[in-house]
Amino acid sequence: MNYNEVMQNAKKLVNGKCKACDVCNGLACKFTMPGPGCRPPYNTAARNYEKWQDVFLNMDNISQRQPIDTTFEIFGREFDMPVIAAPIGAPQLHFSERYNEEIEYDVEAMAGCAEADIAACYWVGFEEDTYLNKLEVMKNQGIGGFLIPSIKPFSNSKFKRYVDMSKEYGMPAILMDIDGAGLPMFKENVDDAGCKNTESLRELREYTDMPFILKGIMTVSGARKALEAGFDTIVVSNHGGRVLSCMPSTAEVLEEICDAVGDKMTVLVDGGIRTGYDVFRALALGAHGVLIARPLAIAVVGGGKDGVKPYIDMLKKDLCDAMEMCGAHSLAEINRSMVRVIK
Ligand SMILES: Cc1cc2nc3c(=O)[nH]c(=O)nc-3n(C[C@H](O)[C@H](O)[C@H](O)COP(=O)(O)O)c2cc1C
């Protein structure tokens with residue numbers, strides 16, 4: 001299956017809220033929630049996409065010709081690309097009914113990411129039974145890969161039970177979307193959950209020796225608080241505009257956050273990253289790696305597990321192109337001088 005076939009198929013299978021657009025730029029889905037859109041009144045998802053377009057590549061290929069290496073290391077594991085699948089909750093509601101049950105989607109998505117050699121986050125569900133069931137199904141189906149459960153900022157006692165389950169089933173890392181506190185669905189469905197202060201976060205960070213990613217950082221002060229709470233890996237993310245409206249794009253805040261904490265923490269970023277050129281842009285502004293959500297969900301709708309690799313291959317081709325033409329042969333060689341921000 002090639003990427004074009006994946007997309008043609010996705011266009012037939014999406015639910016109309018998602019339209020599987022050729023460019024996933026947040027315009028056609030706008031404020032559809034349920035659906036893949038964002039919270040009104042301002043289209044933060046569209047801004048996420050747009051602001052990467054202000055980051056231009058400084059071509060300079062007067063350099064030694066040598067192979068391009070996109071190897072990415074995180075938590076002691078090497079991957080082919082600095083790309084991680086971002087968590088997507090309730091895809092059957094937001095994208096397509098191709099998968100009636102969330103777990104059917106997760107199995108395809110996780111298997112596809114393993115095949116494409118990228119790490120993958122998945123949403124654990126509001127109920128502990130739901131998570132247990134997911135863990136069982138994934139174990140029984142022999143889903144390999146580097147799977148990262150995404151746990152919402154539940155009460156600390158509930159969060160710890162999710163951590164225990166994750167450890168018991170051999171998950172290599174965990175993630176908390178701290179910004180999930182703003183999700184309307186979360187507020188309505190879960191008692192005793194929401195914002196957490198530094199002490200509360202530290203308690204959770206110290207509870208487990210598992211690698212632990214904190215997702216949903218949008219300011220330098222937020223990044224510093226994450227550091228203070230003991231985290232060494234954050235995701236600069238505004239949750240695709242779904243937890244709060246009127247936010248800046250992640251491209252606009254990334255550089256200052258990386259300047260402040262990038263030498264002390266692994267800084268990942270998501271929001272509107274669609275192509276290998278965008279991956280390059282993010283790394284040039286200081287990120288160590290990126291997460292991608294909506295386009296991967298569309299790829300899974302269109303091609304099941306076989307939809308993931310064609311998309312990742314396309315990202316890799318364009319990333320290698322950008323690296324070669326800007327004079328970087330490894331991810332470590334990508335730097336700020338290789339891009340120019342023109343507003
Ligand atoms: C339908 C939908 C569901 C999402 N569910 C989750 C979730 O359960 N946990 C989470 O941390 N992020 C969730 N996100 C946010 C994404 O992981 C990601 O941060 C955001 O969509 C920005 O990336 P993108 O522009 O590549 O989509 C969701 C996003 C969408 C569109």
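Structure shown above.
Residues numbered from 1 in each chain as written. Predicted model: local features only at pLDDT ≥ 70, side-chain atom pairs only at ≥ 80, totals over all residues. Heavy atoms only, no water.

Section: the pairing of strand β8 (residues 212-217)
- Extensive coverage of β8 is indicated by the burial of 6 of its 6 residues.
- With 4 bridges joining them, strand β7 (residues 174-177) and β8 adopt parallel strand pairing. Across the sheet, residue Met176 finds its bridge partner in β8, namely Leu214.
- With 3 bridges connecting them, β8 and strand β9 (residues 233-236) associate as parallel partners. (Buried < 20%, exposed > 50% of the residue type's maximum accessible area, 1.4 Å probe, protein only. Helix = DSSP H or I, 4+ residues; strand = E, 2+ residues; numbered from the N terminus. Pairing = 2+ DSSP bridges.)

What to know about the site of the ligand
- In the vicinity of the ligand, 23 residues are found, and the nearest of them are Pro87, Asp270, Gly272, Arg274 and Ala293.
- Lys215 has a polar side-chain atom sitting 2.9 Å from an oxygen atom of the ligand.
- Here an oxygen atom of the ligand sits 3.4 Å away from a polar atom, N or O, in the side chain of Ser237.
- The fraction of the free accessible surface of the ligand (600 Å²) that becomes covered by protein chains is 98%.
- Tallied by class, the residues present in the shell around the ligand amount to 8 nonpolar, 8 polar and 7 charged. (Near = heavy atom within 4 Å. Polar contact = N/O pair within 3.5 Å; in protein donor to acceptor, adjacent residues only side chain to side chain. Areas by Shrake-Rupley, 256 points an atom, 1.4 Å probe, with all protein chains shown as cover. Nonpolar A, V, L, I, M, F, W, Y, C, P; charged D, E, K, R; others polar.)

A few points about helix α6 (residues 156-168)
- An ideal rise of 1.5 Å per residue puts 18 Å on 13 residues; α6 measures up with 18 Å between its terminal C-alpha atoms.
- Those residues of α6 lying buried are Asn156, Lys158, Phe159, Lys160, Tyr162, Val163, Met165 and Ser166.
- Those residues of α6 that are buried lie in contact with α5 (128-140), β6 (147-151), β7, α8 (198-207) and β8.
- Within two residues after α6, Gly170 carries a phi angle of roughly 75°, on the positive side. (Expected span 1.5 Å × (residues − 1). Contact = heavy atoms within 4.5 Å.)

Some points on the side chain of Lys196
- Mapped onto the secondary structure, Lys196 falls in the loop between α7 (184-189) and α8.
- Within the structure, the side chain of Lys196 is placed 2.6 Å from the backbone oxygen of Phe154, a separation counted as a polar contact.
- Engagement of the side chain of Lys196 in a polar contact is seen with the side chain of Asn156, the distance being 2.8 Å.

Structural notes on the sheet that holds strand β11 (residues 289-292)
- Ordered by their spatial adjacency, 8 strands build a closed barrel running β4-β5-β6-β7-β8-β9-β10-β11, and the pairing between neighbours is parallel. Shown here is a sheet whose adjacent strand axes are inclined to one another by a mean of 30°, direction ignored.
- Of the strand pairs in this sheet, strand β5 (residues 119-123) and β6 are connected by 4 bridges, and their pairing is parallel. Counted as the bridge partner of Ala120 is Leu147 from β6.
- On the sheet, helix α9 (residues 220-228) packs against β8 and β9 and is oriented at approximately 160° with respect to β8. (Axes fitted to C-alpha atoms, helices over the stretch in contact; angles between N-to-C directions.)

What about the packing of aromatic side chains?
- Within the structure shown, the criterion is met by 12 aromatic pairs.
- Aromatic side chains Phe79 and Phe146 sit 5.4 Å apart centroid to centroid with 85° between the ring planes, which places their arrangement in the edge-to-face category. One end of the pair, Phe79, is in strand β3 (residues 77-79); the other, Phe146, is in the loop between α5 and β6, with 67 residues separating them in the sequence. By the burial criterion, Phe79 is buried, and Phe146 matches it.
- Ring centres of Tyr131 and Tyr162 lie 5.5 Å apart, and the angle between their planes is 10°; this geometry places the pair in the stacked category. Taken as a pair, Tyr131 in helix α5 and Tyr162 in helix α6 lie far apart in primary sequence, 31 residues in all.
- Among the residues examined, Tyr162 registers a relative accessible area of 0% and is labelled buried.
- Three or more aromatic residues joined by ring pairs form one cluster here, namely Tyr122, Trp123, Phe126, Tyr131, Phe154, Tyr162 and Phe186. (Phe/Tyr/Trp six-rings, centres within 6.5 Å; stacked < 30°, edge-to-face > 60°.)

Concerning the pattern of salt bridges
- Evaluation of the coordinates by the stated rule reveals 15 salt bridges.
- The residue Glu102 makes a salt bridge to Lys134 at a minimum N-O spacing of 2.5 Å. Within this pair, whereas Glu102 is found in helix α4 (residues 102-115), its partner Lys134 is found in helix α5, the two being separated by 32 residues in sequence.
- You can call Glu102 buried: its relative accessible area is 12%.
- The partner of Asp106 in a salt bridge is Lys134, with the nearest N and O atoms 2.6 Å apart. Of this pair, Asp106 sits in helix α4 while Lys134 sits in helix α5, and the two are 28 residues apart along the sequence. Taken as a pair, Asp106 and Lys134 share a single burial class, namely buried. (Salt bridge = Lys/Arg side-chain N within 4 Å of Asp/Glu carboxyl O.)

Just geometry here; none of it tells us what the structure is for.
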